[in-house]
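# Overview (structure and organization)
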Amino acid sequence: MASGKQNGLESLEFDIDVNDQQSKEEGKTCGNGCVTEEDKNKPTYSVTDVPPWYLSSFLAIQHYLLACSGLISIPLILSEGLCLQHDSLTQSRLINTIFFASGLITLLQVIFGVRLPILQGGTFSLMTPAMAMLSTPEWKCPAWTQNATLVNTSSPLFREVWQTRMRTLQGSIMVASLLQILVGFSGLIGFLMRFIGPLTIAPTVSLIGLSLYDSAGAKVGSHWGISAMTTVLIILFSQYLRLIPIPVPAYSKAKKLHTSKFYIFQFMPILLGVLISWLVCYLLTIYDVLPSDPAQYGHLARTNVKGDVVNEAPWFTFPYPGQWGMPAVSLAGVFGMMAGIICSMVESVGDYHSCATLSRAPPPPKHAISRGIGVEGLGSLLAGALGTGNGTTSLSQNVAALGITKVSSRVVILLSGAFMILIGMVGKIGAIFTTIPTPVLGGMLLIMFGVITAAGISNLQSTDMNSSRNIFVFGFSMFSALVIPNWIMKNPDFLDTGFKEVDQVLHILLTTHMFVGGFLGFFLDNTIPGSKRERGLSVRDKDHLEDSSCTLGTEEVYDLPFGITSCLSSQSWVPVIGLGSLA
């Protein structure tokens, strides 16, 4: 099953075919001593290998940088719904918290979860229901919080405004994560995947990107020139310069210095684009080219809009459960978050198979998939308790990087998780990220959300799109998911059942585009007659076959460490801990 996950950018899928750089070799016959195409694509270091410490450290930092743009954008977008637009210090704490949580959950996933080299991080699947919940009349930000001159970030009133919203968001995520824990550790995920095909996944993932167009547009419109520059740079690096190497000094195994090729534009197109645009904005700010009057167009492109937040931020911070107070629960919020959790689960299963393929590891068995989903549920529970305002999922851009670097060692991902934990405890790093100018962030989101949308549609490649049945299911699901939420938002009083809680649940679900599209796609795909081949399910079945190129055994890759698997395998209750799963 191909992954549709595009968290953040999810690497533009790097738009890279792993075989691009070897295309000249195709069709050649291979004699003695010749390297075959299969040999070229084999990892230099497999899942269980341990690379040299310096290579492991470099690749660990690289994985962090790949995940960075998506992780920082989640708190910055979420701050709008939390009424935190003018509280940069709290925004920086949210960024530190999501880094810390992502690193901690990565360690849990690699050691006790699916055990593949997959980095964990925040998910845009929960952003849509979160913003839908925070846009309801009950949680809409007071008008005075939109005016920087009226906001006193240290006042108890302001803290109560945003912390009440955060605590409700936290509680909703934590309760919804229990569904993922249950589905994962009970083995139900294997059963549910029978009914969830590309025609369910495609509209669900696509609508994550489409539903956030308004947020991206507002940021882009703050300075069209800066946003356009950021977008053009990212496109240039990721699409036109991606195969141009940069020579860097390196040591061979014989400890001789030589020049190696580093494809920097493949690995960090977004980071490079953002940094260059950020630098340009800084220069335009110090030379007063950009207007200093907040009322003038282009003011938000200045790098000093957030004040002296870097100096105010502490050097050391430690995110802890309940740092914003005791989480509260909203019934409507729980149902909305459950929709996002289901989407994240389906996408993660695809990531596990993609990661195994790129790592030349055996296809993940059902017990490993169940464990991985269960640990992601624990991760969302932990992320909710810490107060990230988000959950956790596998990051597809880091999965794609495995095919490029040819290093699939889980030791590298463990180091990357440890690095993210350390970064999450350095308060000033989070503060630095909050100073990214609004139009630079807008230009980045323009690319990211567009790729998320396209990645969702790409799931249709395994279906028969010449089928009028499939065209109807996808087209109706997508269009209805745009029409219904838009109409409900414009007519909020229409939903009046006489029960406030029911009205809130219906409002959040029906204004969450991906829920409407995903539900309609799921219902129609499973009720309208169609063959497995037509629905794209036969391709998924092939993915479960053993890959003859695998050199590692299933037990070697997926068994729990420290002899836990052998100790528990004889117990009758093993399905409860993800060592077994439903067929």
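The structure displayed is predicted, hence computed values, not measured ones.

## Thoughts on the overall build of the protein
Counting its secondary structure elements, the protein contains 25 helices and four strands. Across the 583 residues in the protein, those meeting the buried criterion constitute 56%. Looking at the protein as shown, the accessible area adds up to about 24,200 Å², and 65% of this sits on carbon and sulfur atoms.

## A closer look at the state of the cysteines
Within the structure shown, the criterion is met by one disulfide. Note that cysteine 83 is cross-linked by a disulfide to cysteine 141, the S-S spacing being 2.1 Å. The sign of the S-S torsion, about -100°, decides the handedness of the disulfide formed by cysteine 83 and cysteine 141: left-handed. In this pair, cysteine 83 is assigned in the loop between α2 (53-81) and α3 (88-112) and cysteine 141 in the loop between α4 (127-134) and α5 (156-185), connecting sequence segments 58 residues apart. Residue cysteine 83 is classed as buried on the basis of its relative accessible area, which comes to 1%.

## Details of the pattern of salt bridges
Counted according to the given criterion, the structure contains six salt bridges. Residues glutamate 80 and lysine 219 are paired through a salt bridge, measuring 2.0 Å at the closest nitrogen-oxygen approach. Of this pair, glutamate 80 sits in helix α2 while lysine 219 sits in helix α8 (residues 213-220), placing them 139 residues apart in sequence. A relative accessible area of 28% means that glutamate 80 is categorised as partly exposed. Between aspartate 464 and arginine 533 there is a salt bridge, with the nearest N and O atoms lying 3.6 Å from each other. Here the residue aspartate 464 occupies a position in the loop between α18 (438-458) and α19 (468-490), and arginine 533 occupies one in helix α22 (residues 532-535), the gap between them amounting to 69 residues. Residues joined by salt bridges that share partners form a network here, namely Arg469, Asp525 and Arg535.

## What about the environment of serine 57?
With respect to the helices and strands, the residue serine 57 is situated in helix α2. A relative accessible area of 29% places serine 57 in the partly exposed class. Here the alpha-carbon distance between serine 57 and serine 416, two residues 359 residues apart in the chain, equals 7.9 Å. From its side chain, serine 57 meets the backbone oxygen of tryptophan 53 in a polar contact 2.7 Å long.

## Comments concerning the side chain of aspartate 503
Structurally, aspartate 503 is set in helix α20 (residues 500-510). Given a relative accessible area of 15%, aspartate 503 falls into the buried group. Leaving out residues up to four positions away in the same chain, aspartate 503 has contacts with Leu495, Asp496, Thr497 and Gly498.

## What to know about the nonpolar core
Burial of nonpolar side chains together is a common tendency in soluble globular proteins. Core analysis: the biggest nonpolar cluster contains 102 residues, and Phe99, Leu116 and Phe124 have the highest contact counts within it. When residues in this core are grouped by element, the largest group, ten residues, is from helix α13 (residues 331-358). Residues contacting phenylalanine 99, with those up to four places away along its chain left out, are Tyr64, Cys68, Leu71, Ile72, Met420, Ile421, Ile423, Gly424 and Phe433.

## Some remarks on the environment of leucine 108
Within the element layout of this structure, leucine 108 appears in helix α3. As a C-alpha pair, leucine 108 and glutamate 376 span 268 residues in sequence and 8.9 Å in three-dimensional space. Contacts of leucine 108, omitting those with residues within four sequence positions, involve Gly113 and Val375.

## Observations concerning the packing of α3 against helix α17 (residues 427-434)
Running from N to C, α3 and α17 point in directions that differ by 115°, and their axes come no closer than 8 Å. Note that α3 runs across α17; the crossing there is right-handed. The segment α3 lies against α17, with Ser88, Gln91, Ser92, Ile95, Asn96 and Phe99 engaging Gly427, Gly430, Ala431, Phe433 and Thr434.

Quick notes on the rules
Residues numbered from 1 in each chain as written. Predicted model: local features only at pLDDT ≥ 70, side-chain atom pairs only at ≥ 80, totals over all residues. Heavy atoms only, no water. Helix = DSSP H or I, 4+ residues; strand = E, 2+ residues; numbered from the N terminus. Buried < 20%, exposed > 50% of the residue type's maximum accessible area, 1.4 Å probe, protein only. Areas by Shrake-Rupley, 256 points an atom, 1.4 Å probe, with all protein chains shown as cover. Disulfide = S-S within 2.5 Å. Salt bridge = Lys/Arg side-chain N within 4 Å of Asp/Glu carboxyl O. Polar contact = N/O pair within 3.5 Å; in protein donor to acceptor, adjacent residues only side chain to side chain. Contact = heavy atoms within 4.5 Å. Core = buried A, V, L, I, M, F, W, Y, C linked by side-chain atoms within 4.5 Å. Axes fitted to C-alpha atoms, helices over the stretch in contact; angles between N-to-C directions. Left-handed = near helix turned anticlockwise from the far one by under 90°.

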